[in-house]
Every structure is written in C-alpha cells, then in structure tokens.
Amino acid sequence: MKENLGTDILLAADYLRAGELVAIPTETVYGLAANALNEAAVVKIYAVKNRPQFNPLILHVAGLDQLKPLDLELPPKALELAAKFSPGPLTYVVPSSVKIPGIVTAGTPAVAIRIPAHPMTLELLNQLDFPLAAPSANPSGMVSPTTALHVAQQLGNQVSYILDGGACKVGLESTIISFLGKTPQLLRYGGISLEAIEAVIGPVALPAEGFVDNPVAPGMLARHYATIHPLLLGDANAIIKQAHASNPIPRIASISLYQHFTALPDAYQFQLSPSGDLNEAARKLFSAMRMADEMDIDLIVVERFPEKGLGRAINDRLRRASSAHDILFNTTLNS
Ligand code: TXA
Ligand code: MG
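Residues numbered from 1 in each chain as written. Chains lettered and ligands numbered in written order. Predicted model: local features only at pLDDT ≥ 70, side-chain atom pairs only at ≥ 80, totals over all residues. Heavy atoms only, no water.

What about the nonpolar core?
Here comes step 1: In this structure, Tyr92, Leu124 and Ile177 are the most contacted members of the largest nonpolar core, which totals 96 residues.
Here comes step 2: Here this core takes eight residues from helix H9 (residues 278-294), the largest share from any one element.
Here comes step 3: Here this core spans two domains, and each of domain 1 (5-201) and domain 2 (231-334) adds at least three residues to it.
Here comes step 4: Once residues within four sequence positions are removed from consideration, Tyr92 is found in contact with Leu74, Ala78, Leu81, Ala82, Ser86, Val111, Ala112, Ile113, Ile177 and Phe179.
Here comes step 5: Core analysis: the next-biggest nonpolar cluster, separate from the first, contains ten residues, Leu232, Ile239, Ile252 and Phe261 among them. (Core = buried A, V, L, I, M, F, W, Y, C linked by side-chain atoms within 4.5 Å. Buried < 20%, exposed > 50% of the residue type's maximum accessible area, 1.4 Å probe, protein only. Helix = DSSP H or I, 4+ residues; strand = E, 2+ residues; numbered from the N terminus. Domains from an automatic or database assignment. Contact = heavy atoms within 4.5 Å.)

Quick word on helix H8 (residues 236-244)
Count 3.6 residues to each turn of an α-helix, and residues three or four apart come out pointing the same way.
Here comes step 1: Among the residues making up H8, those that are buried are Ala236, Ile239, Ile240 and Ala243. Around the axis of H8, the buried residues are gathered within 100° of arc, so they sit on the same side.
Here comes step 2: One side-chain oxygen at the N-terminal end of H8 lies 3.3 Å from the backbone nitrogen of Asn237; it belongs to Asp235. (Arc of directions from axis to C-beta. Polar contact = N/O pair within 3.5 Å; in protein donor to acceptor, adjacent residues only side chain to side chain.)

Section: the pattern of salt bridges
Here comes step 1: Enumeration over the complete set of coordinates arrives at ten salt bridges.
Here comes step 2: Residues Glu280 and Lys284 are paired through a salt bridge, measuring 2.7 Å at the closest nitrogen-oxygen approach. Of this pair, Glu280 and Lys284 are both found in helix H9, four residues apart, which corresponds to roughly one turn of the helix.
Here comes step 3: Glu280 sits in the buried class, given a relative accessible area of 17%.
Here comes step 4: In this structure, the salt-bridge partner of Arg320 is Asp316, at a minimum N-O distance of 2.4 Å. Residue Arg320 and its partner Asp316 are located together in helix H10 (residues 311-323), separated by four residues, close to a single helical turn.
Here comes step 5: By relative accessible area, Asp316 is classed as buried at 8%.
Here comes step 6: Each of Glu173, Asp316, Arg317 and Arg320 takes part in a single network of salt bridges with overlapping partners. (Salt bridge = Lys/Arg side-chain N within 4 Å of Asp/Glu carboxyl O.)

Details of the sheet that holds strand S11 (residues 231-234)
Within a beta sheet, neighbouring strands are joined by backbone hydrogen bonds and run either parallel or antiparallel to one another.
Here comes step 1: The four strands lie next to each other as S11-S14-S12-S13, forming an open sheet whose pairing is parallel. Each end of this open sheet is capped by a strand with a single partner; those strands are S11 and strand S13 (269-271). Sheet twist, expressed as the mean angle between neighbouring strand axes with direction ignored, is 15°.
Here comes step 2: Taken together, the three bridges between strand S12 (residues 252-256) and S13 define a ladder with parallel strand orientation. Bridge pairing in S13 places Ser256 opposite Gln271. (Pairing = 2+ DSSP bridges. Axes fitted to C-alpha atoms, helices over the stretch in contact; angles between N-to-C directions.)

Overview of helix H3 (residues 76-85)
Here comes step 1: Of the positions making up H3, those classed as buried are Ala78, Leu81, Ala82 and Phe85. Taken around the axis of H3, the buried residues stretch over an arc of 105°, which confines them to a single face. Across from the buried face of H3, at angles greater than 90 degrees, the exposed residues are Pro76, Ala83 and Lys84.
Here comes step 2: Packed against the buried residues of H3 are strand S5 (90-95), strand S9 (175-178) and helix H7 (194-201).

Dropping the structure here:
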C-alpha cells in the first residue's frame, strides 16, 4: 500500500492548511483538493492535472452556512434543490464574490458550489476555515477516479495525501446547474437525474449538444473520459459484426447495462447491472472502463444506455470517451 494513502482526516487537514494538495473522497468521484482561498495552492491543481487554466473549479463546502462568510448565496430555486439534494451530487453555478480568487472561477463572474455527501470529507471541511477547490482527481481528459487506488495509480506521488474513503457510491460526477440566467440551465448531466431536478423546480434548459470547443462547463470538452484503447458507443451487436468482418479481427471487450454478446468471450464482457438498475451501472461505469482498458484488447464496444435517469449522464460520458477515438475507429475498422 502506498504510504501517502490513508484515512487520517487530521493529517489531510494539516496538508491543506499548509497549501498542499490532498485527494478527497466524495460520493461522486475522488477530488483533487486545495485551499480555495490560497492561489498558490490552487495553481498546483492545474499543474498536476495538466488542466487548461480557462477551466474553472468547483468550490466544496460542508453546508450552506459556510457560504455567507464568503459573500455567496444561492437563489431561491437553488435553495429548493439544496433542501432536497444537499449534501449530494449537485453543483450550483451562481454569481461569485470578491472573496473567491479568480484562479478558482477561471476569471469568470460565476462560481460553482457543491456540498459533497461523504462523511469523511464533510468532517474534513468542518475542520477547515476555508472551502476546498476540487476538480476530479485525474489527469485532464482521462477517466475520473472512483477509488483511492485509482488516484494513486494516476496521480500517485504528485499529491501529498490521498484520503481513502472507499469506493464512490454514485460513481459519476455531480450534475451541474446554472442559476445565472432567468431559467435554470443544466450544464452537465450527473448524479442527480434531470427528472429528479424538474420534479422540484420545474422545467430547466438542457445542456448544449455536440462538440463544444469553448465550453461553458468544460466537462463538455469533446475529448474527455478517454480510455487508451478506442471506445465505440452505439448498437454493440452491429459494431461487433462490422469489426469481426475486418482484417485482422480486433479483440473486443464490451460494456453494457445487462446485454450479453454471443460473439465475444465472457471474460471480456462487463455487464454493469443484471437487473437493469441505472444507478448501479453508473456506480460501476468508470471502473469497468478502466478494467476493460487494462485488458489485452484492441477495442472497447459499449451498448448505448437507456436515455433516462442516470442513463443520460452515462451516455454523456461515453459519448465523450468515444469521440476521442473517432479517427482511430475508422482506421481500425478499415485497415
Ligand atoms: O462530482 C463532481 O462534481 C466532482 C467532485 C470531485 O466534486 N468534481 C468534478 O470537477 O467533476 P471537474 O473539475 O472534473 O468538473 C467540474 C466541471 C467542469 O466541467 C468545469 O468547467 C465546471 O464544472 N465548472 C466549474 N466552475 C464553473 C463555473 N463557474 N461555471 C461553469 N462551469 C463551471
Ligand atoms: Mg473532471
């Protein structure tokens, strides 16, 4: 076991007070955290992730009462959502304040706020007298970590400490919703479904579709959640059939909700939820992508998920994972 990985919340707090980076568990994915009010500390996040500086960071707090000292507040509809879903996998984009450094908001007048539902991280935040800026704890563009070990594998000794809070219960990043305009606007599908949000505050505007190279929420960047092997999303049987007609025949791993593909060896198939539960599938998705990627294969084929509940967020991540390989795909299948 790595020596900078453990469950010592006091030690994590000490590192953060000293302006160092600590990976923190949340219910969604692991975050790479720094004191949000310490610019020099936040700069390290961008460096370690190799993250473009135009991509702002989410501010994590333990509760709504921690917003007032920062001169931040949630508008009424956000408060309605917070009453139901906070702490939880929902991030609110609201006007920022002069107390929040420009490095956190990437110079925009808005800040993203989240109250994560993980007991260790809530305890950590309660011990600190500053909020934490934290993106997902992966190198920019790669799959987000859902265990402490994933963080150790991807960022290892570049963080002072990895606070091990076990496997993430939601497994997909938070839903992001902006309250800057008249109508609330979803910026990213995530751990709270569209249906659940609209049941509380009524209709919301949906995220912009397709490739966005100057994104509002750069989780929208087309090249994101990338696996090393090409990943194809669609009608898996049709893709497998096409692939098996090419020469040489590629070795294929599959990911699906529960579908089994007779053309592939069982050991290469990841069925995320035999009972068709999209929450269970969301929880297992990123791990399955990593495991498939580590196999001796040429291609990962993914059956599109039902476009409802967390299925929307799952398909969103998979579309981004697959668009990174569109060109590769054509070469793979045509050569
Ligand atoms: O579940 C999560 O949200 C995880 C955990 C660690 O909290 N965090 C996470 O952070 O996914 P990150 O940086 O990987 O994705 C945050 C997204 C980015 O796409 C970023 O562009 C967007 O939130 N974002 C952050 N601040 C924003 C702002 N002020 N306005 C619009 N989008 C913002
Ligand atoms: Mg991320």
